[in-house]
Amino acid sequence: MTDKARLHDRYPELGRCNLPVAPYIDPSYWEAEKKYLFKKTWLHIGRVEELPRKGSYMVRDIAALDASIVIARDRSGQINAFHNVCSHRLNKVAYEPYGTTRKFFCKFHGWAYDLDGSLSGVPDEKSFMDGFDKACHGLSKVSCDVWQGFIFINMDPEPAQTLAEFMEPMYGGLDGYPFEKFTACYGWTAVVDCNWKLALDAFQETYHVGYVHGRSIADSLEKDEEGNLHPIDGLCGDVHRRLSIAGNPNTVYGNPQAATSGATESSVSGSADIGKRIAGKALAAGAGGTKIDLSKVKLPEALNWTNHPHWAFDINVVFPDFYLSCRPNYFQAYNFRPIAHNKTLFEARVYYPEMKTAGGRFYQEYMKVTLRDVLLEDLGTLEMTQSAAETGAKKEMVINDFELMVRHQAVVVDRIINDGLAADAAAQAAE
Ligand code: FES
Ligand SMILES: [Fe+2]
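The rules we used
Once a new chain begins, its residue numbering starts again from 1 and follows that chain's sequence as written. By the order in which they are written, chains take letters starting at A while ligands take numbers starting at 1. Given that the model is predicted, a residue must reach a pLDDT of at least 70 before its local features are reported, and side-chain atom pairs must reach 80 or more before they are shown or counted; all residues, however, enter totals for whole chains, interfaces and linings. The way it works is that DSSP assigns letters per residue, a run of H or I at least four long becomes a helix, a run of E at least two long becomes a strand, and they are numbered from the N terminus. With C-beta atoms placed from the backbone, a residue is buried if 20 or more other C-beta atoms are within 10 Å of its own, exposed if 12 or fewer are, and partly exposed between those counts. Each residue is represented by a C-beta atom placed from its backbone, and any two residues with such atoms within 7 Å are regarded as in contact. In short, DSSP must find at least two bridges between two strands for them to pair. Lines fitted to C-alpha atoms define the axes, with helix axes restricted to the stretch in contact, and inter-axis angles between N-to-C directions lie between 0 and 180 degrees. If an angle is under 35 degrees, it is roughly parallel; if it is over 145, roughly antiparallel; if it lies from 65 to 115, roughly perpendicular; otherwise it is oblique. We call a crossing left-handed when the near helix sits turned anticlockwise from the far one by less than a right angle, and right-handed when that turn is clockwise. Here, the arc refers to the directions that run from the helix axis to the C-beta atoms. Here the bounds of each domain stem from an automatic or database domain assignment. Under the scheme applied, nonpolar residues are Ala, Val, Leu, Ile, Met, Phe, Trp, Tyr, Cys and Pro; charged residues are Asp, Glu, Lys and Arg; polar residues are all the others, including Gly. UniProt positions are given in the numbering used here, feature names are shortened, and annotations may be inferred rather than shown by experiment.

Quick notes on the overall build of the protein
No. 1: Summing up its helical and strand segments, the protein has nine helices and 19 strands in all.
No. 2: Along the longest, intermediate and shortest principal axes, the C-alpha atoms of the protein span 80 × 55 × 35 Å.
No. 3: Residues classed as buried in the protein amount to 40% of the 431 residues present.
No. 4: Pairs at least 24 apart in sequence give 68% of the contacts found in the protein among residues at least 6 apart.

Right, here's the structure in full:
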C-alpha cells in the first residue's frame, strides 16, 4: 500500500469490498437482470448506415428482451422499431436479418404493414367481426431513438429518460466526434460461454493486457516507470463509465497518428522480430492513406480529458452492454449481448475512414488481423474464467484500484436489481 491518491477515493459510494461471484453464475440473477435492467433501459442496436434508404430494415433477436425487434426506415426517413409479431395470429412479419421492402407482409395469412408499422392490408377483411378497425392493429411499437448515428431501442413504452438525457451526463461532450466519417466497417460475432458482465469486464481494465496479450499488443500501451499498464484516468457516472488509455507511439497499434501522419516505419521496426518488421511496414504503408484528411478533424475536448500527450483512446462503456472506444483515427463499437447467465453474444465492429491507397488498405488489413487475434486471446480466457467461477471454489473476487470499472459495473447492476426487487416487494405488500 502507498499513500498515492487512488481512483477509488473519488467514488466512495462504490465501496472497496471484494465483489461477489454469484451475479456472474446465478441463473436467477440473470432473470432479474432481464426484468429490471435490460427491459427498462436504452440498448444500442446498430448504426444508421445499416438502414441506408427508405424501406431498409433489420431484425434483431435480443435474448435479454425475450423479443425479436424490427427496426425500419419509413418513407419519411424516420427510423422506427416494432415487435416482430403479427397482430393477427402472431407470426413473425420479417424473417431475414436485413432487407429492403415497401411493406411487411406476414406470410401466414397475408396481412400487410406499412414501414411505420400501421396495418394497411387484410385479405378478406369483411370476414372479421363487426367493429374490426385496422387502425387498432398495427405492429406493437418499441421506443427507438438515435444518438450520433447509433440506433437505440427501449422496451419501456415510456422511458424514464429520453435517449439524449440518458447519454448527456457522460457523453454529451462527444458531440463533433467524426463517427459518420468512419465508413469502412468490419466486424465479427462470436457466442462466448461466459456471463456478459465477465466479458465486458475484460474490456474495461488494462491489468490483463501484459499477460493475456503479452505476445500480441502489450507493448502498444504506455507503461509507467515501474512497468505497469495503468490507465491515465477513469470516470464513473450514475450508470456509464469511461477510461482513458495512453499508447506507445513506437508501435503501430498504439500510435494514434497511424495512417494519418507522423508515424514512421523506423520507430517500430528497429528489431529483428519479424512481427515488428511487418508492423513497421504496415505503419509506413498506411501513412497518408485515408480518403479524408483526419488532421483537419478537430476532436472534441471531452476525449483525452486529461490532455495526456500519449493519449491513444478512450473506452466509453454505455450502460449496460455497449463498448465504444473512440480514437483519433478510428473507433470500435462492441456489444456484449447476454443470451443466458453463462452465454454472451459478442458483436465487434470497427469503423475506419475509407482508404485511398493500396498502402492504406494494407495498414487496415494489418490492423484487422491483429485485432482478430487479440479478441481471440480475450474470449478464450473468458470461457475458462466462467467455468472456474462456476466451480464455486471462490465466492468473491478481489479488485485493484485500476479495476474500478469492474467494480462500478457490479455495483450499478446490483443497485438496479435490488431497487427493482424492492419496488416489486413494496407493490406486492400494498395489494
Ligand atoms: S399471423 Fe400474420 S396474417 Fe395471420
Ligand atoms: Fe483484452
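And the narrative resumes.
A short note on the sheet that holds strand β11 (residues 150-154)
No. 1: The antiparallel open sheet is built from seven strands, whose spatial order is β2-β11-β10-β5-β4-β3-β6. The sheet is open, and its two edges are formed by β2 (42-47) and β6 (98-100), each paired on a single side. Neighbour-to-neighbour, the strand axes of the sheet open up by a mean angle of 30 degrees, direction not taken into account.
No. 2: In this sheet, β11 lies alongside strand β10 (residues 141-147) in antiparallel orientation, the contact comprising five bridges. By the bridge assignment for β11, Trp 147 is matched with Phe 150.

Considerations on the sheet that holds strand β7 (residues 104-105)
No. 1: Reading across the sheet, the three strands line up as β7-β8-β9 and stay open at both edges, with antiparallel pairing between neighbours. Strands with a single pairing partner mark the edges of an open sheet, and in this sheet they are β7 and β9 (119-121).
No. 2: The pairing of β7 with strand β8 (residues 112-113) spans two bridges and is classified as antiparallel. Bridge pairing links Phe 105 to Ala 112 in β8.

Digging into the packing of helix α7 (residues 274-286) against helix α8 (residues 358-389)
No. 1: Taken N-terminus to C-terminus, the directions of α7 and α8 make an angle of 140 degrees; their axes are 7 Å apart at the nearest point. With respect to α8, the axis of α7 lies oblique. Handedness of the α7/α8 crossing: left-handed. Residue-level inspection shows Ala 282, Leu 283, Ala 285 and Gly 286 of α7 in contact with α8, the latter providing Gly 359, Gly 360, Phe 362, Tyr 363 and Tyr 366.

Concerning helix α2 (residues 27-37)
No. 1: Here α2 has its buried residues at Trp 30, Ala 32, Glu 33 and Leu 37. Along α2, the residues classed as buried sweep out an arc of 160 degrees about the axis, all on the same side. Opposite the buried face of α2, by more than 90 degrees, sit the exposed residues Pro 27, Ser 28 and Glu 31.
No. 2: Residues of α2 that are buried sit in contact with β17 (331-340) and α9 (404-430).

Some points on the domain arrangement of the protein
No. 1: Under the domain assignment, the protein is made up of domain 1 (42-160) and domain 2 (173-412).
No. 2: A C-alpha centroid distance of 34 Å is found between domain 1 and domain 2.
No. 3: For the side of domain 1 that touches domain 2, the per-class residue count stands at three nonpolar, three polar and one charged.

Overview of the UniProt feature "domain: Rieske" (unreviewed entry) in the protein
No. 1: As annotated in UniProt, the feature "domain: Rieske" (unreviewed entry) corresponds to residues 42-153 in the numbering used here.
No. 2: End C-alpha atoms of residues 42-153 are separated by 5 Å, and the span's content is 0% helix alongside 41% strand.

Structural notes on the environment of Cys 17
No. 1: For Cys 17, the location among the structural elements is in the segment before β1 (19-20).
No. 2: When the 11 C-beta atoms within 10 Å are taken as the criterion, Cys 17 is described as exposed.
No. 3: Spatially, the C-alpha atoms of Cys 17 and Asn 342 are 24 Å apart, while their sequence positions differ by 325 residues.

Some words on the packing of α2 against α9
No. 1: It is at 9 Å that the axes of α2 and α9 come closest, and there the two elements cross at 75 degrees. If you check the angle between α2 and α9, you find them roughly perpendicular. Along the contact surface, α2 presents Ala 32, Glu 33, Lys 35, Tyr 36 and Leu 37, while α9 presents Val 413, Ile 416, Ile 417, Gly 420 and Leu 421.

Comments concerning unusual backbone geometry
No. 1: That bond from Phe 319 to Pro 320 is cis: its omega, 0 degrees, falls within 30 degrees of zero.
No. 2: On the secondary structure map, Pro 320 appears in the loop between β15 (311-318) and β16 (322-326).
No. 3: Here the phi dihedral of Asp 66 falls at roughly 50 degrees; this positive angle occurs in a residue that is not glycine.
No. 4: Residue classification places Asp 66 among the exposed residues on the basis of 12 C-beta atoms within 10 Å.

Points about the pairing of β16
No. 1: Most of β16 sits out of view: four of its five residues are buried.
No. 2: Pairing of β15 with β16, which is carried by five bridges, proceeds in the antiparallel orientation. Each bridged residue has a counterpart across the sheet, and for Asp 314 the counterpart in β16 is Cys 326.
No. 3: The hairpin formed by β15 and β16 contains three residues between the paired strands.
No. 4: Bridge count for β16 against β17 is five bridges, and the pairing is antiparallel. If you follow Phe 322 over to β17, its bridge partner there is Asn 335.

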